Amino acid sequence: MQNANELESFRSDVRAWVTANFPASLQGADLAGIAGGESGARASDTVKAGMEAWRQMLAEKGWGAPTWPVEYGGAGLTDPHADIIGEEIHRAGAYNPIPHMTGMGVTMVGPTLLEYGSEEQKARHLKGIASGEIRWCLGLSEPNAGSDLASLSTKAEDKGDYFALNGQKIWTSGANISQWCGALVRTDTDAGKRDGISFVLLPMQQDGVETRPIRLISGVSPFCETYFTDARAEKGDLLGNLNDGWSVVKRLLQHERQSQTGGRGVSMLDSEPLHVKAQRFVGMDDNGALVDKDLRQRLVRNYMDGAAHRLTAQRITDEAAGRVEVSAAASILKNSNTRFAQQKAELALEIMGSQGIGWSGDDFAEEELGIVREWLSGKAMSIYGGSYEVQNNIISKNVLGLPETTQKG
Amino acid sequence: MQNANELESFRSDVRAWVTANFPASLQGADLAGIAGGESGARASDTVKAGMEAWRQMLAEKGWGAPTWPVEYGGAGLTDPHADIIGEEIHRAGAYNPIPHMTGMGVTMVGPTLLEYGSEEQKARHLKGIASGEIRWCLGLSEPNAGSDLASLSTKAEDKGDYFALNGQKIWTSGANISQWCGALVRTDTDAGKRDGISFVLLPMQQDGVETRPIRLISGVSPFCETYFTDARAEKGDLLGNLNDGWSVVKRLLQHERQSQTGGRGVSMLDSEPLHVKAQRFVGMDDNGALVDKDLRQRLVRNYMDGAAHRLTAQRITDEAAGRVEVSAAASILKNSNTRFAQQKAELALEIMGSQGIGWSGDDFAEEELGIVREWLSGKAMSIYGGSYEVQNNIISKNVLGLPETTQKG
Amino acid sequence: MAALTEEQSILKDQATSWVETELPVQKFREFRNSNSDGGFDPKAWSAMVDMGWTGILVPENYGGSDLGYLTFGVILEQLGRQLCASPLFASAYVGASAINMGGNDDQKQRWLPGIVDGSEILTFAVDEQPRHQRDAIASKASASDGGFLLSGAKTFVPEGVSATTFVVAARTDAGDIELFLVPADADGVSRTQMDTVDKRDHARVTLTNVALPTEAHLAGMPSGELYEQVLNRACAGVAMEMLGVGCYSFEMTLDYLKTRKQFGKVIGSFQALGHRAAELYSAQEMARSCAEAGVIAIDNGADDQAAMSALSKAKTGEFLFDMSNQLIQIHGGIGMTDDFDAGFYLKRARALEALYGNQALHRDRYATLLGF
Amino acid sequence: MAALTEEQSILKDQATSWVETELPVQKFREFRNSNSDGGFDPKAWSAMVDMGWTGILVPENYGGSDLGYLTFGVILEQLGRQLCASPLFASAYVGASAINMGGNDDQKQRWLPGIVDGSEILTFAVDEQPRHQRDAIASKASASDGGFLLSGAKTFVPEGVSATTFVVAARTDAGDIELFLVPADADGVSRTQMDTVDKRDHARVTLTNVALPTEAHLAGMPSGELYEQVLNRACAGVAMEMLGVGCYSFEMTLDYLKTRKQFGKVIGSFQALGHRAAELYSAQEMARSCAEAGVIAIDNGADDQAAMSALSKAKTGEFLFDMSNQLIQIHGGIGMTDDFDAGFYLKRARALEALYGNQALHRDRYATLLGF
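Treat the numbers as computed from the prediction; the structure is a model and nothing was measured. The written sequence of each chain sets the order in which its residues are numbered from 1. Each chain gets a letter, beginning with A, and each ligand a number, beginning with 1, in the order they are written. The predicted origin of the model limits local features to residues at a pLDDT of at least 70 and limits the giving and counting of side-chain atom pairs to 80 or more, whereas totals for whole chains, interfaces and linings rest on all residues. Excluded from the side-chain calculation are hydrogens and water; included are all heavy atoms of the structure.

1. Considering the overall build of chain C
- Helical segments are the DSSP runs of H or I of at least four residues, strand segments are the runs of E of at least two, and each set is numbered from the N terminus. Helix and strand counts for chain C come out as 12 helices and 10 strands.
- Taken over C-alpha atoms, the radius of gyration comes to 21 Å for chain C, in line with the 21 Å a tight globule of 372 residues would show.
- Along the first, second and third principal axes, the C-alpha atoms of chain C reach 80 × 50 × 40 Å.
- Each residue is placed in one exposure class: buried if its accessible area under a 1.4 Å probe, protein chains only, is under 20% of its type's maximum, exposed if it is over 50%, and partly exposed if it falls in between. A burial count over chain C gives 68% of its 372 residues as buried.
- Here the analysis covers contacts within chain C between residues at least 6 apart in sequence; of these, 73% occur between residues at least 24 apart.
- This count recognises Lys and Arg as positive and Asp and Glu as negative, with His and chain-terminal groups excluded. A charged residue contributes its charge at one atom only: NZ of Lys, CZ of Arg, CG of Asp or CD of Glu. Taken together, the 31 basic and 48 acidic charged side chains of chain C have centroids lying 9 Å from each other. In this treatment the radius of gyration is a C-alpha quantity, and the globule benchmark scales as 2.2 Å times the residue count to the 0.38 power. It only takes one pair of heavy atoms within 4.5 Å for two residues to be counted as in contact.

Structure, rendered in structure tokens:
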């Protein structure tokens with residue numbers, strides 16, 4: 001009870017602070033777009049200045065990464081406190097740009113650094129992330145190493161005080177706008193598949209690094225192909241032990257699954273509830289039910305899937321010492337969220353009929369076009385971060401204890 | 001065109017013959033039940049006598065197995081002719097009891113004997129099948145060899161002029177009422193799993209054979225456990241070559257899949273169309289549509305699945321030189337028929353609500369109870385004759401040419 | 001599962017171990033084979049009373065412990081796991097809910113202590129047609145001589161043969177559906193047991209001009225409201241029992257996947273089956289969240305209780321439907337035999353799915369409650 | 001596939017090889033990248049005319065070969081495989097059907113030869129709302145001066161920018177939905193291209209008091225009947241094109257399963273993917289049977305044409321929906337890139353599903369036609 005009171009009082013403080021400090025100039029602006037760099041270029045100078053001021057204020061309070069220790073730029077708070085900060089910022093119509101501005105920094109690189117980094121590495125890298133000043137990307141997948149990440153072939157050669165990297169990465173999100181990269185590289189070609197791999201950090205602004213954006217079926221994308229040609233990573237930027245990168249990346253991927261289990265995101269699909277959209281496009285009968293009963297039946301199943309997913313995420317959070325361990329829960333939730341979201345997008349398309357196949361132009365509302373693009377880009381949800389099939393392998397083996405098939409090399 | 005005329009003229013002849021010869025005493029009797037032995041005991045003497053006379057008349061014309069050569073008790077006809085005989089007997093409200101009376105004889109043992117049997121074996125066994133006088137069962141599965149049939153352990157020891165069989169078979173349909181059995185046995189314990197197996201024929205009325213009926217979740221069943229204790233099979237009753245029983249049984253199982261791809265059967269589920277049952281139990285709205293729209297949506301999908309299955313079966317028959325080879329088509333059709341039939345039974349149950357969970361008693365109509373039993377017994381459709389999963393393995397490997405997983409020993 | 005208080009945890013652990021040792025599914029098999037009437041073992045029922053389960057929903061001043069719906073749900077889940085037969089749900093959950101919400105002090109004093117000590121077995125008599133429909137009540141309760149005359153025919157009444165008192169849903173002269181307490185031995189009441197696949201006590205009950213005093217009327221809520229509320233609670237309770245049936249079915253299946261060998265390997269090592277197990281497990285976790293949310297919403301007096309109860313019944317129903325079919329399919333031939341328990345779970349699954357409306361009905365309710 | 005006559009087989013083989021060599025999906029990519037208007041390559045269209053495809057449904061005395069709907073469907077299937085863009089379907093299938101069934105001799109003489117030689121491009125202008133509904137036609141054709149005045153707004157009109165003549169569905173003064181031939185250059189007609197995901201020619205067409213002579217009215221069938229019949233035929237044709245799109249998607253996927261390696265093995269050796277491929281293949285075979293049955297029923301003048309067309313559109317739609325999603329999923333990251341063709345198939349799939357009513361609409365139609 002004490003704790004609940006404390007949290008409520010914290011909430012009041014946060015609410016007051018946000019109300020007092022969120023710049024008026026940012027009200028109603030596409031903050032996520034600006035933070036992501038997509039519409040940043042189009043923003044006015046006033047908005048840009050407001051954004052920078054807001055970022056600095058958040059960073060000073062350590063709210064870019066509230067649960068990190070204060071000495072690394074965080075606020076040293078608990079998860080419930082961090083949730084309250086997120087909720088109150090959301091409630092005020094504001095937006096916390098720092099996680100977005102750091103690419104993979106706050107969600108993945110930071111937590112992994114906290115666990116595996118040396119004192120010096122933590123001191124050097126974490127503050128730039130927590131403050132939103134340094135954007136990070138991750139060089140993991142390669143053209144011939146997708147779900148089978150461990151078969152990667154990018155090499156890092158020992159050059160005395162640094163490694164020289166050569167090879168190609170793919171799906172490096174935001175590589176073209178990041179300052180730093182965490183890369184998985186092969187440091188021992190003779191060792192077993194997972195044994196000769198290391199995890200290094202390297203700056204992206206150097207001659208040996210080239211990036212090419214990838215055009216997706218949904219149009220432009222944040223993904224790049226990244227080419228290393230004698231790219232340089234300092235020895236001091238080796239994260240974890242030499243040839244022990246596989247442990248680092250396993251942990252990293254757990255953070256990734258965690259971050260994909262259905263957090264809030266700005267989505268055109270959420271601009272109006274699907275059943276309201278359906279009432280608009282499809283119409284209702286005299287009882288107030290959608291006239292297309294076949295659609296209605298699939299719509300309610302999707303609603304129930306969404307409710308079941310959210311209740312399960314909540315339940316797993318609530319279980320102090322739950323029997324479902326975190327990584328297992330992440331696999332289940334990633335798949336349930338993916339299935340729900342992809343079905344939702346398909347339903348939205350179906351509801352809109354021929355307005356749901358628009359690509360561009362005045363014939364379609366911006367919201368309609370946005371949904372179509374999200375429908376397409378959302379197909380990747382079941383592919384990246386461990387595909388739907390890989391998650392099922394994890395559940396089958398790690399959660400249920402079924403024997404591994406002989407398929408893993 | 002000549003051919004079509006010939007078939008039409010054949011049809012007239014068959015129709016006239018059936019009309020003239022089907023005994024009046026059998027009109028409306030449960031002929032399938034009687035032939036199967038289930039309600040045979042309850043039948044009146046008149047009906048029994050009529051049945052025997054009708055069987056003899058059919059046997060004399062060779063119509064128990066119309067496509068078999070005349071010298072083996074068949075009529076030497078083509079498949080289209082055989083279809084016409086079946087259709088005309090059905091149209092007259094009559095019934096051909098011979099296939100049913102022979103257990104696995106007409107559908108599986110006979111065709112395999114025709115292909116693998118010696119002249120002497122064919123002469124000795126086929127006529128008794130074609131005439132409906134000898135009932136056959138098949139001893140294939142064992143408690144520890146279900147889908148993995150080749151891991152069977154029933155042994156046949158060479159005793160000079162005969163084999164002595166020891167071991168246990170399971171799911172031997174009709175074993176307790178059959179005169180003969182075709183059994184898969186191990187004749188070489190040192191050879192590879194599939195190499196030391198032989199196929200023998202043996203009489204069931206002997207001291208070394210014991211059968212115990214298996215009670216199923218649906219109640220009584222035709223299935224038995226069959227125990228061999230020094231049971232005797234003559235050397236002359238070895239079908240195919242010694243240790244080559246695997247080829248024989250592979251062919252046999254193709255005949256089995258073929259016979260399970262959705263032929264006519266007497267079913268309580270067919271006593272009224274499902275949508276008529278639904279109109280009765282569920283009710284209709286002002287537009288004549290079922291009031292339970294969720295049910296209606298699933299019902300129409302099931303209807304469409306049924307139509308797609310029937311059209312595919314027809315198409316594959318029509319394709320003179322189809323690109324889908326027979327055994328592949330059988331796997332596809334077995335699974336589509338199974339899925340359709342099991343869903344149909346579930347829908348029937350759902351439509352009937354609490355009348356769909358009756359087990360016995362006057363509270364339920366005979367049709368309602370029949371459907372419930374069929375719902376339960378139908379769960380075996382996706383298990384026997386190569387499970388749903390085994391059919392998918394076959395399609396994946398034999399039809400699509402995907403590499404075998406390492407799971408087959 | 002949901003975070004439990006210490007008291008709830010103790011009760012849950014007690015229930016789990018009691019059910020496993022005293023009332024495993026083998027007991028149900030023996031009962032089924034004995035072909036006896038009535039649907040449950042009186043000794044087991046006494047034990048449940050002694051453990052205080054009958055008082056979980058009853059206020060302390062009427063002899064109960066008032067621990068709430070989540071607590072009761074957790075017990076129902078454990079009973080579901082071993083298909084334990086008893087009137088606990090019908091009487092101490094549904095019956096007690098009706099009295100709690102609809103009864104005045106006198107009525108509570110008259111009925112609740114009997115529910116708690118097990119001397120009264122109440123049951124809810126709702127359906128008049130094979131398929132549950134909330135508004136399809138034709139039974140009439142006509143005002144007469146300062147009381148009521150009640151007539152109608154009910155079907156699929158749980159524990160209908162053992163019940164001492166029926167909580168009957170009937171239409172008053174005003175056309176509202178109201179609840180009436182009808183002693184099973186009253187003049188004009190007759191009942192017959194239906195022999196159903198799950199071999200539990202379901203009865204047809206006929207009411208012919210049954211004369212009732214005013215005190216038989218549960219009038220504590222506005223017209224029709226009590227009926228709806230009792231049904232919502234009942235659905236959430238059935239969902240918890242279904243969850244138990246489904247979870248145990250999953251565990252049996254998982255165990256078989258780990259032990260049954262085919263082609264020289266345990267069958268759970270075949271990826272197609274491993275993935276199917278993963279999907280079923282995920283569905284189980286989703287079903288658990290929804291089932292628990294149903295009873296928790298009642299405990300919290302949440303505004304969306306009705307929707308949550310529909311969600312709980314629909315989602316556990318969908319899981320149980322698939323799970324019970326896969327229970328048979330993955331066990332293969334052995335799953336088809338009566339000697340093995342799988343068939344019991346399949347049969348009970350369909351009975352529970354049908355009770356108070358199947359998945360389709362609750363999907364429809366959910367959509368309607370959400371406004372589309 | 002269905003048993004074909006020798007003539008049909010020759011046409012099919014010719015179409016298959018022509019499409020693969022002259023109009024592979026790479027041509028569609030080039031066209032898409034060129035950002036040009038109108039939706040198809042005029043040279044390819046000329047070649048189709050030269051091969052006689054435009055005359056397949058046209059009687060011989062009007063310059064066609066009258067080979068029927070199965071034959072045309074087989075061609076559409078081949079075009080679907082490579083996403084070939086052309087007005088063949090809109091003009092020589094739907095347009096020709098309308099004239100054949102609804103036109104008198106004069107009208108046939110006026111329009112059919114032009115369809116056959118490719119100088120006329122007809123298209124059916126039906127939908128007025130984003131979601132197809134058969135009876136949602138508000139366009140009016142009012143009797144006026146011995147002819148008609150036509151007004152309305154149409155959307156999602158296939159080949160609407162290239163068409164020379166619109167076959168417009170409009171309500172007469174009597175309220176019946178009838179078809180009218182409207183020259184694209186008539187006064188009061190305007191059109192704009194919609195930029196859709198499949199990058200094909202779909203247009204919005206506005207009709208404002210377009211004055212038409214009596215000869216513009218296709219009056220050869222009883223009121224409303226022609227409209228229904230043309231739509232049924234159109235659905236069966238779309239189903240054949242969808243079949244081609246789906247089959248090629250399956251083949252691409254199967255090829256990838258056999259060549260892409262992960263964990264040291266081709267991914268098709270993972271049982272979960274092998275079984276998924278088996279399910280998709282089975283669905284493909286079922287879809288083929290239904291699609292072919294749709295056009296065969298028209299050729300046979302079968303009583304159940306309407307139901308068969310609904311079945312064909314629904315079943316191929318269901319297959320294509322799943323197949324197009326699995327096309328992306330199984331290809332993984334590469335499937336998401338614009339450089340690979342998978343996205344084209346996914347996008348075309350949804351456009352074809354929506355055209356003349358999606359799977360849900362045709363399931364509803366099928367149930368209604370079967371009487372429930």
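2. Some words on the packing of helix H10 (residues 293-318) of chain A against helix H10 (residues 293-318) of chain B
- At a closest axis distance of 9 Å, the pairing of H10(A) and H10(B) adopts a crossing angle of 105 degrees. Here H10(A) is positioned roughly perpendicular relative to H10(B), judged by the angle of their axes. Residues A:Lys293, A:Asp294, A:Gln297, A:Arg298 and A:Arg301 of H10(A) form the contact with H10(B), whose participating residues are B:Lys293, B:Asp294, B:Gln297, B:Arg298 and B:Arg301.
- Residues belonging to the contact of H10(A) with H10(B) are distributed by class as follows: no nonpolar, 2 polar and 8 charged. In this description, a line fitted to the C-alpha atoms serves as the axis of each element, helices being fitted only across the stretch in contact, and the angle between N-to-C directions of two axes falls anywhere from 0 to 180 degrees. Note on angle classes: values under 35 degrees are labelled roughly parallel, values over 145 roughly antiparallel, values of 65 to 115 roughly perpendicular, and the remainder oblique. When residues are sorted by character, Ala, Val, Leu, Ile, Met, Phe, Trp, Tyr, Cys and Pro go into the nonpolar class, Asp, Glu, Lys and Arg into the charged class, and all the rest, Gly among them, into the polar class.

3. Focus on the domain arrangement of chain A
All names here are of chain A.
- Each assigned domain of chain A is listed here: domain 1 (4-101), domain 2 (136-242) and domain 3 (260-399).
- An automatic or database domain assignment supplies the start and end points of every domain. When each unit is reduced to the centre of its C-alpha atoms, the spacing between domain 2 and domain 3 is 32 Å.
- Domain 2 puts 5 residues into the contact, and the matching count from domain 3 is 7 residues.
- Of the roughly 480 Å² buried between domain 2 and domain 3 on both sides combined, carbon and sulfur atoms contribute 68%.
- Three residues stand out in domain 2 for area buried against domain 3, namely Ser147, Ile217 and Ser218, and they jointly supply 78% of the buried area on that side.
- The salt bridge definition used is simple: a Lys or Arg side-chain nitrogen within 4 Å of an Asp or Glu carboxyl oxygen. At the surface where domain 2 touches domain 3, the tally comes to 0 salt bridges. Buried area: the accessible area, evaluated with a 1.4 Å probe, that two parts lose upon being put together, summed over both parts.

4. Some thoughts on the nonpolar core
- By convention a nonpolar core is built from buried Ala, Val, Leu, Ile, Met, Phe, Trp, Tyr and Cys residues, the set being connected through side-chain atoms within 4.5 Å. Judged by nonpolar contacts, the single largest core of 350 residues is most densely connected at C:Trp53, C:Tyr93, C:Tyr356, D:Trp53, D:Tyr93 and D:Tyr356.
- Not counting residues within four places of it along the chain, the set of residues in contact with D:Trp53 comprises D:Leu11, D:Gln14, D:Ala15, D:Trp18, D:Met48, D:Phe72, D:Ile75, D:Leu79, D:Leu88 and D:Ala92.

5. Section: the interface of chain A and chain D
- If you look at the interface, chain A gives 47 residues, while chain D gives 41 residues.
- With both chains or domains summed, chain A and chain D bury close to 3,600 Å², and 57% of this area falls on carbon and sulfur atoms.
- When the shortest N-O distance is used, the salt bridge between A:Asp292 and D:Arg131 registers 2.7 Å.
- We call two N or O atoms a polar contact when they sit within 3.5 Å, provided that within protein one can donate a hydrogen and the other can accept it, with sequence-adjacent residues counted only if both atoms are side-chain atoms. Counting every contact that joins chain A to chain D gives 22 residue pairs in polar contact (both at pLDDT 80 or more).
- Those elements that place two or more of their residues in the side of chain A that touches chain D are H10, helix H11 (326-352), strand E9 (358-360), helix H12 (366-377) and helix H13 (388-399) of chain A.
- With 5 residues, the top contributor of residues to the side of chain A that touches chain D is H11(A).

6. Notes on the environment of D:Lys347
- Turning to its location among the elements, D:Lys347 is positioned in helix H11 (residues 342-354).
- Remark: the alpha-carbon pair of D:Lys347 and D:Ser309, spanning 38 residues in sequence, is separated by 23 Å.
- Aside from chain neighbours lying at most four places away, what touches D:Lys347 is A:Ile217, A:Trp359, A:Trp375, A:Leu376, D:Val197 and D:Asp198.

7. Brief notes about a negative patch on the surface
Residue and element names in this part refer to chain C.
- On the surface, Glu6, Glu7, Glu60 and Asp66 cluster together into a patch of negative charge.
- One can find Asp66 in the loop between helix H3 (42-50) and helix H4 (69-81).
- Take Asp66: its relative accessible area is 47%, and that puts it in the partly exposed class. Patch members must show over 30% relative accessible area and no salt bridge, and they are joined within 9 Å when carrying like charges or within 5 Å when they are nonpolar side chains of Val, Leu, Ile, Met, Phe, Trp or Tyr. Computed by Shrake-Rupley with a 1.4 Å probe, the accessible areas treat only the displayed protein chains as cover when residues are assessed.

8. Section: the packing of helix H9 (residues 305-331) of chain C against helix H11 (residues 342-354) of chain C
Residue and element names in this part refer to chain C.
- Across the interface, H9 lies against H11 with an axial gap of 9 Å and an inter-helix angle of 155 degrees. Our classification of the angle between H9 and H11 gives roughly antiparallel. Of the two possible hands of crossing, H9 and H11 adopt the one that is left-handed. Across from Lys313, Gly317, Leu320, Phe321, Ser324, Asn325, Leu327 and Ile328 in H9, the residues of H11 making contact are Ala342, Gly343, Tyr345, Leu346, Ala349, Arg350, Leu352 and Glu353.
- Class assignment for the residues of the contact of H9 with H11 results in 9 nonpolar, 4 polar and 3 charged. With the far helix as reference, a near helix turned anticlockwise by less than a right angle produces a left-handed crossing, and one turned clockwise produces a right-handed crossing.

9. With respect to the state of the cysteines
Residue and element names in this part refer to chain C.
- The disulfide criterion is simple: two cysteine sulfur atoms within 2.5 Å. Applying the stated rule across the entire model yields 0 disulfides over all chains.
- The thiol of Cys247 is unpaired, and the distance to the nearest cysteine sulfur, on Cys290, comes to 13 Å.
- Exposure remark for Cys247: the relative accessible area of 2% places this residue in the buried category.

10. Observations regarding the interface of chain A and chain C
- Chain A puts 42 residues into the contact, and the matching count from chain C is 42 residues.
- Summed over both sides, the interface between chain A and chain C buries roughly 3,300 Å², with carbon and sulfur atoms accounting for 62% of that surface.
- Where chain A meets chain C, there are 4 salt bridges.
- Taken together, the connections running from chain A to chain C amount to 14 residue pairs in polar contact (both at pLDDT 80 or more).
- Of all the secondary-structure elements, those providing two or more residues to the side of chain A that touches chain C are helix H9 (274-281), H10, H11 and H13 of chain A.
- Broken down by class, the residue content of the side of chain A that touches chain C amounts to 18 nonpolar, 14 polar and 10 charged.

11. Quick notes on the domain arrangement of chain C
Residues and elements named next belong to chain C.
- Domain annotation for chain C reports domain 1 (6-120), domain 2 (124-218) and domain 3 (225-369).
- Just the C-alpha atoms count here: the centres of domain 1 and domain 3 sit 21 Å apart.
- If you look at the interface, domain 1 gives 22 residues, while domain 3 gives 29 residues.
- Of the roughly 2,300 Å² buried between domain 1 and domain 3 on both sides combined, carbon and sulfur atoms contribute 64%.
- When the area that domain 1 buries against domain 3 is broken down by residue, the three leading residues are Arg29, Glu77 and Arg81, summing to 26%.
- Here Asp341 ties to Arg29 by a salt bridge, and the two come within 2.8 Å at their closest N and O atoms.
- Between the two partners, domain 1 and domain 3, sit 13 residue pairs in polar contact (both at pLDDT 80 or more).
- Elements with a contribution of two residues or more to the side of domain 1 that touches domain 3: helix H2 (25-34), H4 and helix H5 (88-102).
- Examining the composition of the side of domain 1 that touches domain 3, we find that 8 residues originate from one element, H4, more than from any other.

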